[in-house]
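# Structural overview for review
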Amino acid sequence: MDGMARLAAALEINTGLKDLNISDNCVGEIGAELLDHCVVKNTTLTSLELGMNRLGPVGGQHIANLMSRRSFAKIQYIGLASNELCGRYGNQTMEPIYKISKSLINHSTLTTLNLKRNGITSNGGRSLAESLRRNTALTSLIIGGNSDEVSKDFISKKLIQTRTLANSLLSSIVKDPSTVDNIDRKKQTCLHIAADAGSVDVANRLLSPELNAQSDLRNFRSLTPLHCAIESRDAP
């Protein structure tokens, strides 16, 4: 672990490296702990690939700590696929996923998170989906694969799909505010989609003076965004 300790220490003072891929390097829970303890604030790294490193549940919680305290201030991508985050051989726990879910709330830089092949259950998937109600940045959340239970959970997959779509649309609108009321083939604006998905923070951002989305436009079913929110039980 000497090499991992040196790497973790270097990341704390790094001012140039933007992309770091240390996948399939036996980082393990000890390596994740070193990252957690050593990296307090890194302002340059935008991509961190940690796939296939046997982090396990303990290592997953250390990575969640890094995410929660925003240790990587400009991070856009984190890869955690195939890390047995939820345990193995019947010793299953969703605690790392619950902590990662909590870390996503109000996270403003992370756009892609890969959690594929980690034994996530339906409850874990729904926890991730729930966190996206208070997130406007994540546009791609990759889950499922192998025999992961969440692969068969329609509800969590659908919620994640619609909420990341709302985030993606918001990202485009922020770049060009004149498109805020553009409609899709179902005559839905981004506000309709956010309301229907229960994406609270996206809806609030769209209704802010900065973007000033129209709240009375009707979709192909003649529903306003408020109607959509009520229908999905997410009205204020």
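Think of each chain on its own: its residues are numbered from 1, step by step along the sequence as written. In view of the model being predicted, local features appear only for residues whose pLDDT reaches at least 70, and side-chain atom pairs are presented and counted only at 80 or more, with totals across whole chains, interfaces and linings using the full set of residues. To obtain the side-chain values, all non-hydrogen atoms of the structure were included, while hydrogens and water were left out.

### Concerning the overall build of the protein chain
- Scanning the protein chain from N- to C-terminus turns up nine helices and five strands.
- For helices the rule is a DSSP run of H or I covering at least 4 residues; for strands it is a run of E covering at least 2, with both sets numbered from the N terminus onward. Element order for the protein chain, N to C, with α for helix and β for strand: α-β-α-β-α-β-α-β-α-β-α-α-α-α.
- Projected onto its principal axes, the C-alpha positions of the protein chain cover 60 × 40 × 25 Å.
- The cut-offs for exposure are 20% and 50% of the maximum accessible area for each residue type, with area from a 1.4 Å probe on protein chains only; residues under the lower value are buried, those over the upper are exposed, and the others partly exposed. The buried share of the protein chain, taken over its 236 residues, is 47%.

### Details of the packing of helix 1 (residues 2–13) against helix 2 (residues 28–38)
- To get an axis, fit a line to the C-alpha atoms, keeping to the stretch in contact for a helix; angles then go from 0 to 180 degrees between the N-to-C directions. The geometry of helix 1 relative to helix 2 is characterised by a closest axis approach of 9 Å and an angle of 25° between their N-to-C directions. Viewed along their axes, helix 1 and helix 2 adopt a mutual orientation that is roughly parallel. Of the two possible hands of crossing, helix 1 and helix 2 adopt the one that is right-handed. Taken together, the residues of helix 2 that come into contact with helix 1 (itself represented by M4, A5, A8, A9, L11 and E12) are G31, L34, L35 and C38.
- Charged residues are taken to be Asp, Glu, Lys and Arg, nonpolar residues to be Ala, Val, Leu, Ile, Met, Phe, Trp, Tyr, Cys and Pro, and polar residues to be all remaining types, Gly included. Split into classes, the residues belonging to the contact of helix 1 with helix 2 amount to eight nonpolar, one polar and one charged. Reported orientations rely on four angle classes, namely roughly parallel under 35 degrees, roughly antiparallel over 145, roughly perpendicular from 65 to 115, and oblique for the rest. Note on convention: the crossing is left-handed when the near helix lies turned anticlockwise from the far helix by less than a right angle, right-handed when the turn is clockwise. Any two residues having at least one pair of non-hydrogen atoms within 4.5 Å are treated as being in contact.

### Describing the sheet that holds strand 4 (residues 112–114)
- Two strands qualify as a pair provided that DSSP identifies no fewer than 2 bridges between them. On the basis of which strands lie adjacent, the open sheet formed by five strands has the order 1-2-3-4-5 and parallel pairing. Among the strands making up the open sheet, the edge pair consists of strand 1 (19–21) and strand 5 (140–142). For this sheet, the mean inter-axis angle between neighbouring strands, taken without regard to orientation, is 0°.
- Here strand 1 pairs with strand 2 (residues 47–49) via three bridges, running parallel.

### Re the pattern of salt bridges
- Just to be clear on terms, a salt bridge is a Lys or Arg side-chain nitrogen sitting within 4 Å of an Asp or Glu carboxyl oxygen. Tallied over the entire structure, the rule returns eight salt bridges.
- E84 is the salt-bridge partner of R88, the closest N and O atoms lying 3.6 Å from each other.
- Overall, E84 belongs to the partly exposed group, its relative accessible area being 27%.
- Notably, a salt bridge pairs R134 with D201, separated by 2.7 Å at the nearest N-O pair. Here the residue R134 occupies a position in the loop between helix 5 (122–131) and strand 5, and D201 occupies one in helix 8 (residues 200–206), the gap between them amounting to 67 residues.

### Here we look at helix 2
- Residues of helix 2 that are buried include every one of G28, G31, A32, L35 and D36, and no others. Buried positions in helix 2, seen along its axis, are confined to an arc of 145° and lie on one side of it.
- Lining the buried residues of helix 2 we find helix 1 and helix 3 (56–68). Directions are taken from the helix axis to each C-beta atom, and the arc is the one they span.

### Regarding the nonpolar core
- Think of a nonpolar core as a cluster: buried Ala, Val, Leu, Ile, Met, Phe, Trp, Tyr and Cys residues, connected wherever their side-chain atoms sit within 4.5 Å. In terms of nonpolar packing, the biggest core is built from 39 residues, with L80, L113, L115 and L128 touching the most fellow members.
- Elements with a minimum of two residues in this core: helix 1, helix 2, helix 3, helix 4 (95–104) and helix 5.
- Among the elements that make up this core, the one with the highest residue count is helix 3 (four residues).
- Filtering out sequence-adjacent residues up to four positions away, L80 remains in contact with E49, L50, G51, L55, I63, L85, I100, L113, N114, L115 and N118.
- Among the nonpolar cores identified, the runner-up in size contains 13 residues, and V180, L191, V202 and A203 belong to it.

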